[in-house]
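Letter by letter, the chains look like this.
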Amino acid sequence: MLKTAQMCFDDQVKIANAQHVRADKDLLAPMPLTLTNARMSFVYSLISKQDYSDVELMNKLSLNSKGLAYYQFYATKSNLLPFDLERLKKQNENNR
């Protein structure tokens, strides 16, 4: 019985999360909202801030040294921009 109640609660959380993503989809139209892209964005944001040591990043992101080196390599190759909601809104207006 308890397991069923937990499963219902988990389903409600998933539905609520999906509704939040759906509401943001129009605003964030140029940015695909997938779990993979969200993870990549999170990883690159932590790496680009340079607030953490390599050991702290490996622990925080559950990466080994090879995985961290991979992300750091591509972070330096990419033109990473900090998230700016106003810039995103302007970009959406220009694309319409």
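For the structure, see preceding data.
Predicted model only: the values in this text are computed from it and were never measured. (Residues numbered from 1 in each chain as written. Predicted model: local features only at pLDDT ≥ 70, side-chain atom pairs only at ≥ 80, totals over all residues. Heavy atoms only, no water.)

## With respect to the overall build of the chain
Okay, so step 1: Per the secondary structure count, the chain includes 5 helices and 0 strands.
Okay, so step 2: Counting from the amino terminus, helix and strand elements in the chain follow one another as α-α-α-α-α.
Okay, so step 3: Put simply, the chain has 96 residues, and 15% of those count as buried.
Okay, so step 4: Across the chain, the fraction of contacts at a sequence separation of at least 24, relative to all contacts at a separation of at least 6, is 52%.
Okay, so step 5: Carbon and sulfur atoms provide 56% of the accessible area of the chain, an area that totals close to 8,100 Å². (Helix = DSSP H or I, 4+ residues; strand = E, 2+ residues; numbered from the N terminus. Buried < 20%, exposed > 50% of the residue type's maximum accessible area, 1.4 Å probe, protein only. Contact = heavy atoms within 4.5 Å. Areas by Shrake-Rupley, 256 points an atom, 1.4 Å probe, with all protein chains shown as cover.)

## Quick word on unusual backbone geometry
Okay, so step 1: One non-glycine residue, Gln 50, adopts positive backbone phi at about 60°.
Okay, so step 2: Within the fold, Gln 50 resides in the loop between α2 (35-49) and α3 (54-61).
Okay, so step 3: Judged by its relative accessible area of 70%, Gln 50 falls in the exposed class.
Okay, so step 4: Within the chain, Ser 62 stands out as a residue other than glycine whose phi angle is a positive 55°.
Okay, so step 5: Tracing the backbone through its elements, the reader meets Ser 62 in the loop between α3 and α4 (65-77).

## Regarding the packing of aromatic side chains
Okay, so step 1: All chains considered together, the criterion is met by 4 aromatic pairs.
Okay, so step 2: On the basis of an interplanar angle of 80° and a centroid distance of 5.4 Å, the ring pair of Tyr 70 and Tyr 71 is categorised as edge-to-face.
Okay, so step 3: With 4.9 Å between their ring centres and 85° between their planes, Phe 73 and Tyr 74 make a pair best called edge-to-face.
Okay, so step 4: Given the relative accessible area of 43%, Phe 73 is considered partly exposed. (Phe/Tyr/Trp six-rings, centres within 6.5 Å; stacked < 30°, edge-to-face > 60°.)

## A look at the nonpolar core
Okay, so step 1: Val 43, Tyr 44, Leu 46, Ile 47, Leu 57, Leu 61, Leu 63, Leu 68, Tyr 71 and Ala 75 together form the largest nonpolar core, which totals 10 residues.
Okay, so step 2: Listing elements by their share of this core, those giving two or more residues are α2, α3 and α4.
Okay, so step 3: By residue number, the principal contributor to this core is α2, which donates 4 residues.
Okay, so step 4: Setting aside residues no more than four positions away along its own chain, Val 43 makes contact with Leu 61 and Tyr 71. (Core = buried A, V, L, I, M, F, W, Y, C linked by side-chain atoms within 4.5 Å.)

## Quick word on the packing of α2 against α3
Okay, so step 1: At a closest axis distance of 11 Å, the pairing of α2 and α3 adopts a crossing angle of 160°. On the basis of the axis angle, α2 is roughly antiparallel to α3. Relative to α3, the crossing made by α2 is right-handed. Taking contact as the criterion, the partners of Arg 39, Phe 42, Val 43, Leu 46 and Ile 47 in α2 are, on α3, Leu 57, Lys 60 and Leu 61. (Axes fitted to C-alpha atoms, helices over the stretch in contact; angles between N-to-C directions. Parallel < 35°, antiparallel > 145°, perpendicular 65-115°, else oblique. Left-handed = near helix turned anticlockwise from the far one by under 90°.)

## Concerning the environment of Ser 65
Okay, so step 1: Among the structural elements, Ser 65 can be located in helix α4.
Okay, so step 2: The exposed category is assigned to Ser 65, whose relative accessible area is 53%.
Okay, so step 3: Separated by 11 residues in the primary sequence, Ser 65 and Asp 54 have C-alpha atoms spaced 8.1 Å apart.

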